[in-house]
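Coordinates in review
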Amino acid sequence: MKKYLKIHPSDSVAVALTPLKSGTVLSSEGESITLLENIPQGHKFALKDIPAGSKILKYGAPIGVAKESISKGTWIHTHNMKTGLGDLLTYTYQKEPCELPSTEERFFEGFRRKDNKAGVRNEIWIIPTVGCVNNVASAIARQAQIYQTGTIDEIVAFPHPYGCSQMGDDQEHTRQILADLINHPNAGGVLVLGLGCENSNIDVLKQYIGNYDKQRVRFLVAQESEDEITDGVNIVKELAQYAGSFHREPISCKELVIGMKCGGSDGLSGITANPTVGGLSDLIISKGGTTILTEVPEMFGAETLLMNRCADEEVFEKTVCLINDFKNYFKSHNQTIYENPSPGNKKGGISTLEDKSLGCTQKSGSAPVKGVLSYGEPVKEKGLNLLSAPGNDLVASTALAASGAHIVLFTTGRGTPFASPVPTVKISSNTALFRKKKNWIDFNCGTAAEGTSIQDLSNHLFEYVLEVASGKKVKAEEAGFHDMAIFKQGVTL
């Protein structure tokens, strides 16, 4: 087993693949390196002397600046390096060739809806228009479980705290996200549950939903019902009869949409789990499918790598706006743009936002960027898309589902039990996490640090994703977890 990894030939640091003790002598490109300190797994050490003020290179790019002179073999982390990033930047489009060759068509067993959309689940969703009826929605879901039969996978309520007392973008975001979920093909039937007096009431929400199948989408206004729970359960019974008429059938991967997100990262995320997802993304796209990358603040510091892969100047300009609009969002709230990484990230070996971002964007693979989506905007372009959403795990994963992701791939070095409105595959960056939290983690990429190639892992992950798309439940689904969260930015009345 390799003890460390130098990711790029120009790097001035290497990453410990296993805990390394002070005094250990390593060899790098014909030179010996004696470690001057203990190096935890996933953390960095200097491959050469680095003068104070010099850039520190990892992934072949700067991840920060040395705060002091750093000797060869020294542990490098937040105590002796800092971010080198500034605020708003000026970008130049320098297009790089990155088209992917087509590969053999593959199929999954999915559900074909009447509007010709494809889903990977046949669930009944109960979606409240406002937080005031959350408990009613949950009660309906509990009492309606007797109708989960045949091809119906789940009957699920999605409570949230919004839908009223909101202004501006917040109100628009709530309406758009709810409409997106109502239209999501993973739901074979939807009960939209309103209160009756809320800002985002059913009549308003219908304008965002657009045309809909009246057998698939039903509405209930609690204030207009004598017993809203009984009425709701009866509607779910009817929805179950309709949804139960759908059966799995072969559907091309050309119609598969995969969301990509990471959270609770460690120093191995950018060299095991994230590159594996990047390889999976390339595979899906090579077969005509679509992937969506989000969490914009974790593109800061690596954004030019994505910009240079934009399919054309129009997509490039949209990507520039995506980045700078999010930076202005931080500034408008008087917050530091480069406050990330989190305490958990730092404990795992990530020192600066550049360090985190360069690892995070490995999930994008090598395909050209074909589309840029605003928050809540449904995906339209085949291939790799960038989506405007924050780094928060629940908010970003919900945003991916709302934009059309059938499945979300979530890489982590720390572990998390959360779910999203769609199957959420947890992918560990290290084997210790996989062994410890088998009730959370679905797929282990830690073997990449033990000798397994990224290509082999990506191929294995692709086959696993097809199994999930064809009905295999992920760990969060087995636990009965279903979460959603909407992005809030402004004033609550």
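You'll find the structure just up there.
Calculation notes
Along every chain, residues carry numbers that run from 1 in the direction the sequence is written. Given that this is a predicted model, residues contribute local features only at a pLDDT of at least 70 and side-chain atom pairs are listed and counted only at 80 or more, while totals for whole chains, interfaces and linings are drawn from all residues. To obtain the side-chain values, all non-hydrogen atoms of the structure were used and water was disregarded. Numbered from the N terminus, helices here are DSSP runs of H or I no shorter than four residues, and strands are runs of E no shorter than two. Here the radius of gyration uses the C-alpha set of atoms, whereas the globule reference equals 2.2 Å times the residue count to the power 0.38. Whether a residue is buried, partly exposed or exposed follows from its accessible area with a 1.4 Å probe, protein chains only, as a fraction of its type maximum: under 20%, in between, or over 50%, in that order. DSSP calls a pair of strands paired once it identifies at least 2 bridges connecting them. The axes used here are C-alpha line fits, helices contributing only the stretch in contact, and every angle between their N-to-C directions lies in the interval 0 to 180 degrees. The contact definition used throughout considers only heavy atoms, calling two residues in contact when any of these lie within 4.5 Å. Note on aromatic contacts: the rings of Phe and Tyr and the six-membered ring of Trp form a pair at centre separations within 6.5 Å, being stacked when their planes are under 30 degrees apart, edge-to-face when over 60 apart, and tilted otherwise. Over a ring means this: the NZ of a Lys or the CZ of an Arg is within 6 Å of the ring centre and within 35 degrees of the ring normal. We define the nonpolar core as a collection of buried residues of types Ala, Val, Leu, Ile, Met, Phe, Trp, Tyr and Cys that are connected through side-chain atoms lying within 4.5 Å of one another. Any angle from 65 to 115 degrees is called roughly perpendicular, while one under 35 is roughly parallel, one over 145 is roughly antiparallel, and all others are oblique. All residues other than Ala, Val, Leu, Ile, Met, Phe, Trp, Tyr, Cys, Pro, Asp, Glu, Lys and Arg, Gly among them, are scored as polar; the first ten of these are nonpolar and the last four charged.

1. Structural notes on the overall build of the protein
Scanning the protein from terminus to terminus reveals 13 helices and 23 strands. Its C-alpha radius of gyration of 23 Å places the protein within 12% of the 23 Å reference for a compact globule of 493 residues. Principal-axis analysis of the C-alpha atoms places the extent of the protein at approximately 80 × 45 × 40 Å. Here the protein holds 493 residues, and the buried ones make up 57% of them.

2. Overview of the sheet that holds strand β14 (residues 187-194)
Pairing is parallel across the open sheet formed by 4 strands, whose spatial order is β13-β12-β14-β15. Unpaired on one side and paired on the other, β13 (155-157) and β15 (217-221) mark the two borders of the sheet. Between one strand and the next, the sheet's axes are offset by a mean angle of 20°, whatever the strand orientation. Where strand β12 (residues 123-128) and β14 come together, 6 bridges link them in parallel fashion. Note that in β14 the partner of I124 across the bridge is G189. The strands touched by helix α4 (residues 228-243) within the sheet are β12, β13, β14 and β15, with β14 carrying the most contacts at an inclination of about 160°.

3. Let's talk about the packing of aromatic side chains
Going through the model one piece at a time under the given rule, you end up with 14 aromatic pairs. Across from the ring centre of F300, 5.4 Å away, lies the NZ or CZ of K327, which sits over that ring. For K437, the ring lying beneath its charged end belongs to W440, and the centroid distance is 4.0 Å.

4. Description of the nonpolar core
Soluble, globular proteins show a tendency: their nonpolar side chains are buried together. By size, the foremost hydrophobic cluster in this structure holds 89 residues, and its most contacted members are L256, I407, L409, I427 and L461. If one sorts the elements of this core by residue count, helix α12 (residues 454-469) sits on top with 8 residues. Look past the residues within four positions of L461 in its chain and what remains in contact with it is T276, V277, L280, L409, I427 and F443. The next biggest cluster of nonpolar side chains, apart from the first, holds 24 residues, and it includes I126, V133, V233 and A243.

5. Thoughts on the packing of helix α2 (residues 168-182) against helix α10 (residues 393-402)
Between α2 and α10, whose axes approach to 9 Å, the crossing angle comes to 55°. Judged by the angle between their axes, α2 and α10 are oblique. Here I177, D180 and L181 of α2 lie close against α10, whose contacting residues are T398, A401 and A402. A per-class count over the contact of α2 with α10 returns 4 nonpolar, 1 polar and 1 charged.

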